[in-house]
Amino acid sequence: MPKLIVEDLELRFGGVRALDRLSFEVEEGQLCALVGPNGAGKSSVFNCVTGLYRASGGRVLFGDRDLLPLPAHAVAAAGVARTFQNLALFPRLTVLENVLLGGHLNERAGAWACALHLPRHRRAERSLRRQAHEVLDRLGLAALADRPAAGLPYGTLKRTELARALMARPRLLLLDEPAAGLPHGEVAELGELIAGIGADLGLSIVLVEHHMGMVMSISQKVVVLNLGRRICEGTPEEVTRDPEVIAAYLGAAA
């Protein structure tokens, strides 16, 4: 499984520099957290990596490919999946149907087989459904497979979005504030779930999160951003002692 190398990544919006020659690496199978104050550039990193934003400069290497020139669908095909800070589910679809959407990237039956409902398409659909039920079971969602997404608890919807990302069979998983809006008791449970998925599936995971207790308990590496720059990286214990990190979060007087 390849590692992720972000090298001199730049992003500008007019005269505003959202990312300022940002560099960091995520090793194979590593769980790395990106943290920093609001506006530090964390979500902008994800948007550049996944092709939603066009970076102003730099490279993002995953294996032997630079992801930055690729359109979003090609980045997904290269093995990169993500969740969003704000939920991006279809409320009228069931939990199972939302999750199945993440797997169609890997369907190989072809457009004509799909249009004509040929046997190979039906076999591919059955295989996707089996995979989807396995993912739902892993995330504790099996009993809700046929429930519409609308009206389900927020924590359940967050897990549904995670399940959809896993259906793409990624090698790199980008999680954008998965614990946002969750009650305190569910945050620790979600953190254990994310760490377990990474370990069981051998995924590289990059986590953007404001719940620092969760970050410090599950991350192997933490990269701290401020104003689009990397100001510190290391183990959770190392970054919490760094004076520049303390100043970014609490002010220089602290």
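Just so it is clear, the model here is predicted, and its values are computed rather than measured.

A separate point is the environment of Leu166. Note that Leu166 resides in helix 6 (residues 154-167). Those residues in contact with Leu166 that sit more than four places away from it in its chain are Val135, Leu139, Leu173, Ile197, Leu201 and Leu203.

Relative to the helices and strands, Ser44 is located in helix 1 (residues 42-49). Ser44 has contacts with Leu11, Ala18, Leu19 and Tyr53, leaving out every residue within four places of it along the chain.

Right, let's get into the pattern of salt bridges. Inspection of every chain in the model, using the stated rule, returns 11 salt bridges. The salt bridge partner of Lys3 is Glu25, with a shortest N-O separation of 3.0 Å. A residue pair is termed long-range when its members are at least 10 positions apart, and Lys3 in the segment before strand 1 (4-13) and Glu25 in strand 2 (residues 16-26) qualify at 22 residues. The partner of Glu10 in a salt bridge is Arg12, with the nearest N and O atoms 3.1 Å apart. Taking relative accessible area as the criterion, Glu10 reaches 11% and is therefore assigned buried. What makes Arg12 partly exposed here is its relative accessible area of 36%. Taken together, the salt bridges that share partners define one network made up of Lys3, Glu25 and Glu27.

Let us now look at the sheet that holds strand 9 (residues 221-226). Spatially, 6-7-8-3-9-10 is the arrangement adopted by the six strands of the open sheet, whose pairing is mixed. Two strands bound the open sheet, and with one partner strand each, they are strand 6 (80-82) and strand 10 (229-234). The sheet shows a mean angle of 20° between the axes of neighbouring strands, taken without regard to direction. For strand 3 (residues 31-35) and strand 8 (residues 204-208), the ladder comprises four bridges, and the chain directions are parallel. Across the sheet, Cys32 pairs through a bridge with Val206, a residue of strand 8. Strands in contact with helix 1 are strand 3, strand 6, strand 7 (172-176), strand 8 and strand 9; relative to strand 7, the strand with the most contacts, it is inclined by about 140°.

The next point concerns the domain arrangement of the protein. Domain boundaries assigned for the protein yield domain 1 (1-79 + 170-254) and domain 2 (89-168). The C-alpha centroid of domain 2 is placed 26 Å from the C-alpha centroid of domain 1. Across the contact, 17 residues belong to domain 1 and 11 residues belong to domain 2. Buried surface at the junction of domain 1 and domain 2, summed over both partners, amounts to about 1,100 Å²; 75% is from carbon and sulfur atoms.

Before going further, it helps to spend a moment on the sheet that holds strand 1. Here four strands make up an open sheet; going across it, the order is 2-1-4-5 and the pairing antiparallel. The sheet terminates laterally at strand 2 and strand 5 (65-66), the two strands that pair on one side only. Pairing between strand 1 and strand 2: seven bridges, direction antiparallel. Its bridge partner lying in strand 2, Leu9 is registered against Leu22. Contacts from helix 1 reach strand 1, strand 2 and strand 4 (57-62), with the element oriented near 75° to strand 2.

Thresholds, definitions, all that
- Residues numbered from 1 in each chain as written.
- Predicted model: local features only at pLDDT ≥ 70, side-chain atom pairs only at ≥ 80, totals over all residues.
- Heavy atoms only, no water.
- Helix = DSSP H or I, 4+ residues; strand = E, 2+ residues; numbered from the N terminus.
- Contact = heavy atoms within 4.5 Å.
- Salt bridge = Lys/Arg side-chain N within 4 Å of Asp/Glu carboxyl O.
- Buried < 20%, exposed > 50% of the residue type's maximum accessible area, 1.4 Å probe, protein only.
- Pairing = 2+ DSSP bridges.
- Axes fitted to C-alpha atoms, helices over the stretch in contact; angles between N-to-C directions.
- Domains from an automatic or database assignment.
- Buried area = accessible area lost by both parts, 1.4 Å probe.

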